[in-house]
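Structural features, examined
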Amino acid sequence: MIAELGTFCLTLAFVLSVAQALVVPASKLKIFAGFARLSEGLSLSGAVAAALAFAALLYAFLTSDFSVANVAANSHTLKPLLYKISGAWGSHEGSMLLWCLILLSFSAMVTLLGAGLPDSLKHKVLTVQGVLGAMFTGFTLFSSNPLARVYPAPFEGKSLNPMLQDPALAFHPPLLYLGYVGFSVVFSFAVAALIEGRIDRAWARYVRPWTLLAWSFLTVGITLGSFWAYYELGWGGWWFWDPVENASLMPWLAGTALLHAAIVMEKRDALKAWTVFLALLAFTFSMMGAFLVRSGVLTSVHAFAVDPKRGILLLIILFVTAGFGFTLYALRSRSLSSSGIFAPVSRESALVVNNLLLFAALSSVCLGTLYPLLMEATTGKTISVGEPYYLLTFGPIIGAALLLAPLAMLLSWKRADLKGVLQRLATAFGVSVICAVVATLGIKGIDIGGRVVFILGLLLGFWLIFGSFKMLAERVGLFKGTMGESRRRFMGLSLGIHGMILAHVGLGVFVLGATFEGHARLSTAASLSAGAGLKVGGYEVIFDGIRRYDGPNYLAEAADLTVRRTDGKLVCGAAPERRFYPASRQTMSEVAICFTPLNDLYFVLGESSLDAAGQPQWQVRALYNPWVRLIFVGPLLMALGGLLSLLDRRLRLGVATSSKALKQEAS
Amino acid sequence: MILFSVIAAILSATVFAVAVLWLKGRMPVSDLAREKALYARFVDDVDRRLARGQIEADLALEEKAEAGRALLKAARDHNESSAPLKPAVVMTGAALVAAISFGLYVFVGMPGYPDQPYAQRLEAWTKAAQANPDALPPKPMAEVLKARAGDHKNDAGYWQQLGRHQVMAGDYFDGARSLEISVRLDPARAEGWSDFGEALVLAADGVADDSARNAFAEALKRDPNDISGLYYTAKILRDDGRFDAAKAAFDKVLSQLPAGDPRRETIAADLTALNEARTAQAQVSAQIQGMVGNLTARLKTTPDDPDGWARLLRAHRVLKDQAAEAATIAAIRAQYRHNPDQVAAILNKATRPVGSE
């Protein structure tokens, strides 16, 4: 009965969302006067109903109730507990319910934390959220119900794809969806403000925390996904420019541009039209990602193989939602003129250039992602757009944006002294150049062109870090007074400033890692029998032998490797595996990584063969990935910066907590 | 259905209660009051930042002026607090939402279909197994046996029963694992070995690998008349091209089956297939013999041909000519005595089917 109650709760969530979307327009009628307030209560009820439906799905997975079709298709009695839980969002149907739960929860958060919002704006935001909620819960309920039953129930489940049975991937989708769906609130704020015809600095102030929240979650979600791809898929890379990866990068880039544009709007009452456009764009790209992953148009390790019929429904949702938002935007464009005036050399100008560059980078990713799909759809020809395209288009554009970032942080609002700022940053630039050159000295085997790009990449990374520290030093008056005074100023800095500096340092750290790992990675492979070895990056790897064991739901063949430095010092023992999952009859490779603070030694076990003496040997691939840790630490610092900024009093989601407090403040 | 309806009504009421509690706890505040509060905090913040030296005085003044202008605009635009809600209308609305939800649920759900948690099903299967084991399908029976396997760790017969049910249920891999435990516990029974071999063949989609062959050999070692062992050995011999030996084994199986046994039909079909395979093999062998002759002659004149050696070795294997196979391997090792990697590559290539590379 619990599964059926879950379906009932999902139905209830759908009807509540429809009601939430209708009450505000209905309140214009006399009989329903005052009904707009109901949208607040309905948003809370909808979230509770969706949570109950999701709890029913979790229960079905935990109890291995194979009368639920989704559980039968994605679970197994022998599956470890964590993967029974993560199986709830491991399929298209389950992940759609998670999407709905997060969407309705964000609506509830607008109610709970939006006490400081004007009622009319808040209710319109909730109306738009209600429309979105109705569309997505309706889609889930009528075409992808994760609690749909199967009769008769199979005796055993088919189990979750072994590739998805991984801790990082268990948490990656919820975090990613928190980011994707978080942008729905920003979208709703934009549409609500366009309907209301009132877009001002206060609006930017309301939107910024929601953008920061969604952006921070999306950053962590993308990083976790990238980390999973790095150690689970066994190719040694962390970003493949796969269309599904790009689908998550596009809303992130739009969100990053929006964060910066909203600052200008809030501070200077400028860039109104642009900020609203980005607010609409970020969620549009989020929905496009959902369509690409679920429509069946893409073949990817990240994609759900779903039939095109459901893809068409998602496409309709995308067109209706984005179409309405952008049509309204076009109709109201005249009312979006800005009053803030600023000089060509100012922080505002720098942020405008930053936005243009981010948008150009976003366009290049969008083109590279959609062009092959459009070409195949229109001409039937298939082409592949890969890393070389993105390095030639996205790379230089984003490089220019990174070069500009420290300058923008030091420029004054309205009118700035560029020469003075350049002089103040000269030391940071000099130190960055020295660090970049020194870091590349020991690296051999790179041609001149590659070395120039290598140095430029490192220079940008160090420039971001030292430029951010320069800003911090100026803010705290380092070396201009006593250390105690600087410490006092440091403690007095707002959390927003700390967050901003941390996020930019994180970006620099990521750029350093991506550049270094991309240019200095070493790779070797050999067929090894017991006692044989290979060398990689100054390390000697000895193949001690093969060990077989039974896992909870798989059989494993593990290679015992001993890794030593060339001076004989033991570094680690590694055991890459090949696992056979009988339930799905799939064989998977499990990578082994020797973690050091900065670098990874990465091992993959391949298939066995016979050597010249007819004895078995195994293919072992070894990679030395220098500075790879920075690739994952950098984005985490960025997300931490975002969350730190959210703690800033001025950027908190809940500006005021009670109507009583509001009345007192107002009086 | 009645119980379901009652629980659905309680759930709906709970969900609506959340909304009602929220609305009751929120005093209506006019938008103007909110705007006043917002801009008052904004001005306070500007003052704080000015006091800390984070912004300049003229910017602070400008920001305050901006806030004042926005406040004046808000005062112009906003009405006072909204009209109160009518409880009767709200209650009617809530009842309508619940009724529509229930109606939709009846359309998309399966009312009355109970949950089937695995533990509960296992309990029911266990009761059925105790009451009438023959009526229980193989899969549930296997699950019942598997759940209690921990109590029969050293009981070979138990593991054999479990393995057989798993095989009957189509879980060949798990069946093979259970039957392997069974023969490990009691290696003396021929039947256990032939069951194990059969499960391995089924798990490998009909191919008998070395483990399966070994299992059947062990079975026949213990009982030369073991029907299952003989039958699978006959099939292996047929697949190996040893047709006479295969026919003898099939005949031996037939001789043990009583008249009217449905298995006799299967053996008859196998014997027909054997004759067809023998004819086809003779034709292929003639072709391969010709190719082997040409290849051997060519390799004598141009011995540095790794592909040619691999093809020759593969041809000998297809012809089941073990002596020629050994001689060819020796010749390959002699030809590439200074290049063991090449030897390994040829040996590995020869193990793959034609065209797989």
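The rules behind the values
- Residues numbered from 1 in each chain as written.
- Chains lettered and ligands numbered in written order.
- Predicted model: local features only at pLDDT ≥ 70, side-chain atom pairs only at ≥ 80, totals over all residues.
- Helix = DSSP H or I, 4+ residues; strand = E, 2+ residues; numbered from the N terminus.
- Rg over C-alpha atoms; globule rule 2.2 N^0.38 Å.
- Buried ≥ 20, exposed ≤ 12 C-beta atoms within 10 Å, placed from the backbone.
- Contact = placed C-beta atoms within 7 Å.
- Nonpolar A, V, L, I, M, F, W, Y, C, P; charged D, E, K, R; others polar.
- Axes fitted to C-alpha atoms, helices over the stretch in contact; angles between N-to-C directions.
- Parallel < 35°, antiparallel > 145°, perpendicular 65-115°, else oblique.
- Left-handed = near helix turned anticlockwise from the far one by under 90°.
- Domains from an automatic or database assignment.
- UniProt positions renumbered as here; feature names shortened; annotations may be inferred.
- Core = buried A, V, L, I, M, F, W, Y, C linked by C-beta atoms within 7 Å.
- Pairing = 2+ DSSP bridges.
- pLDDT = per-residue confidence, 0-100.
- Expected span 1.5 Å × (residues − 1).

Now for the overall build of chain A. Looking only at helices and strands, chain A features 19 helices and 10 strands. In terms of overall dimensions, chain A is globule-like: its C-alpha atoms have a radius of gyration of 27 Å, near the 26 Å expected for 667 residues. Along the first, second and third principal axes, the C-alpha atoms of chain A reach 90 × 75 × 55 Å. Counting every position in chain A, which comprises 667 residues, the buried fraction comes to 56%. For chain A, long-range pairs separated by at least 24 residues make up 74% of all intrachain contacts whose partners lie at least 6 apart in sequence.

The next thing to look at is the overall build of chain B. On a plain count of helices and strands, chain B comes out with 16 helices and 0 strands. Expected size for 357 residues packed as a compact globule is a radius of gyration near 21 Å; at 40 Å, chain B overshoots this value by more than 25%. Referenced to the eigenvectors of the C-alpha coordinate spread, the extents of chain B come out at roughly 105 × 70 × 40 Å. In chain B, of all internal contacts separated by at least 6 residues, the share reaching a separation of at least 24 is 46%.

Taken together, the contact pairs 59 residues of chain B with 64 residues of chain A. If you tally residues by element for the side of chain B that touches chain A, the top one is helix α1 (residues 2–25) of chain B, at 12 residues. Broken down by class, the residue content of the side of chain B that touches chain A amounts to 41 nonpolar, 6 polar and 12 charged.

Once that is clear, we can look at the packing of helix α7 (residues 167–196) of chain A against helix α8 (residues 201–232) of chain A. Residue and element names in this part refer to chain A. Across the interface, α7 lies against α8 with an axial gap of 7 Å and an inter-helix angle of 155 degrees. Between α7 and α8, the angle is such that the two are roughly antiparallel. Regarding α7 and α8, the two cross each other, and that crossing is left-handed. Of the residues that constitute the contact of α7 with α8, the class distribution is 25 nonpolar, 6 polar and no charged.

Glancing now at the domain arrangement of chain A. Residue and element names in this part refer to chain A. Splitting chain A by domain gives domain 1 (1–165) and domain 2 (522–625). Distance between the C-alpha centres of domain 1 and domain 2: 44 Å. Residue-level contacts link 8 residues of domain 1 with 8 residues of domain 2. Class assignment for the residues of the side of domain 1 that touches domain 2 results in 4 nonpolar, 2 polar and 2 charged.

Here the UniProt-annotated "transmembrane region" (unreviewed entry) positions come out as residues 88–108 of chain B. In the segment residues 88–108 of chain B, helix accounts for 100% and strand for 0%; the C-alpha atoms at its two ends are 30 Å apart.

The next point concerns the nonpolar core. Ranked by size, the top nonpolar core spans 213 residues in total, and within it Ala13(A), Ala53(A), Val186(A), Phe189(A) and Ala279(A) carry the most contacts. Element by element, the count of residues in this core is highest for α8(A), at 18 residues. The residues contacting Ala53(A), other than those within four sequence positions of it, are Gly6(A), Cys9(A), Leu10(A), Ala13(A) and Leu97(A). Among the nonpolar cores identified, the runner-up in size contains 27 residues, and Ala203(B), Tyr232(B), Ala246(B) and Phe250(B) belong to it.

What follows covers the UniProt feature "domain: Cytochrome c-type biogenesis protein H TPR" (unreviewed entry) in chain B. Cross-referencing UniProt, the feature "domain: Cytochrome c-type biogenesis protein H TPR" (unreviewed entry) maps to residues 146–264 of chain B in the present numbering. Helix makes up 71% of residues 146–264 of chain B and strand 0%. Its end C-alpha atoms lie 33 Å apart.

What follows is about the sheet that holds strand β8 (residues 592–595) of chain A. All names here are of chain A. The 4 strands are arranged β1-β10-β9-β8 in an open sheet whose pairing can be described as antiparallel. In this open sheet, the two edge strands, each paired with only one partner strand, are β1 (522–528) and β8. Mean inter-strand twist for the sheet, computed between neighbouring axes without regard to direction, equals 20 degrees. Bridge count between strand β9 (residues 600–610) and strand β10 (residues 616–625): 9 bridges; the pairing is antiparallel. Note on β10: the bridge partner recorded for Ser608 is Trp618.

A separate point is the domain arrangement of chain B. Per the domain assignment, the segments of chain B are domain 1 (2–108), domain 2 (118–223) and domain 3 (279–351). Put simply, the middle of domain 1 of chain B and the middle of domain 2 of chain B, counted by C-alpha atoms, are 65 Å apart.

A word on the confidence of the model for chain B. Residue and element names in this part refer to chain B. Here chain B averages 84 in pLDDT, and 93% of its residues register 70 or above. Across chain B, element-level confidence peaks in helix α7 (residues 156–168) with a mean pLDDT of 91 and bottoms out in helix α3 (residues 57–77) with 74. Complex prediction metrics read pTM 0.83 and ipTM 0.79.

With 19 residues, helix α18 (residues 628–646) of chain A extends 29 Å from end C-alpha to end C-alpha; this agrees with the ideal 27 Å at 1.5 Å per step. Looking at the buried residues of α18(A), the elements they touch are α8, α17 (495–520), β9 and β10 of chain A.

Over its 12 residues, helix α16 (residues 340–351) of chain B extends 17 Å from the first C-alpha to the last, a length consistent with the 16 Å expected when each residue adds 1.5 Å. On its buried face, α16(B) sits against β9 of chain A together with α14 (306–318) and α15 (322–335) of chain B.

Once that is clear, we can look at the environment of Val293(A). Along the chain, the position of Val293(A) falls in helix α10 (residues 272–294). The spacing of Val293(A) and Thr321(A) is 28 residues in sequence and 18 Å in space, taken between C-alpha atoms.

All names here are of chain B. Viewed as axis vectors pointing N to C, helix α9 (residues 190–203) and helix α10 (residues 210–222) meet at an angle of 160 degrees, and their least axial separation amounts to 8 Å. One element, α9, and the other, α10, form an angle in the roughly antiparallel class. As for how α9 packs across α10, the hand of that crossing is left-handed. The segment α9 lies against α10, with Ala190, Trp193, Ser194, Phe196, Gly197, Leu200 and Val201 engaging Ser211, Ala212, Ala215, Phe216, Glu218, Ala219 and Arg222. Looking at the contact of α9 with α10 residue by residue, the class counts come to 9 nonpolar, 3 polar and 2 charged.

With that settled, consider the environment of Ser105(A). For Ser105(A), the position within the fold is in helix α5 (residues 92–113). Along the primary structure Ser105(A) and Gly46(A) are separated by 59 residues, whereas in three dimensions their C-alpha atoms are 8.1 Å apart.

Summarising the element assignment, Arg149(A) is placed in the loop between α6 (119–143) and α7. If near-sequence neighbours (up to four positions away) are discounted, Arg149(A) is found in contact with Ala3(A), Ser67(A), Val68(A), Ala69(A), Met110(B) and Tyr113(B).

This part covers the confidence of the model for chain A. Taken as a whole, chain A shows an average pLDDT of 88; of its residues, 95% reach a score of 70 or greater. A low-confidence stretch, residues 653–659 of chain A stays under pLDDT 50, and its non-local contacts, those more than four residues away or across chains, total 21 contacts.

The next subject is unusual backbone geometry. All names here are of chain A. Of note, the bond from Tyr151 into Pro152 is cis; its omega dihedral lies within 30 degrees of zero at -5 degrees. Locating Pro152 in the fold gives a position in the loop between α6 and α7. The phi torsion at Trp241 lies on the positive side, around 55 degrees, for a residue other than glycine. Here Trp241 shows up in the loop between α8 and α9 (243–268). Assessed through the 19 C-beta atoms surrounding it within 10 Å, Trp241 is described here as partly exposed.

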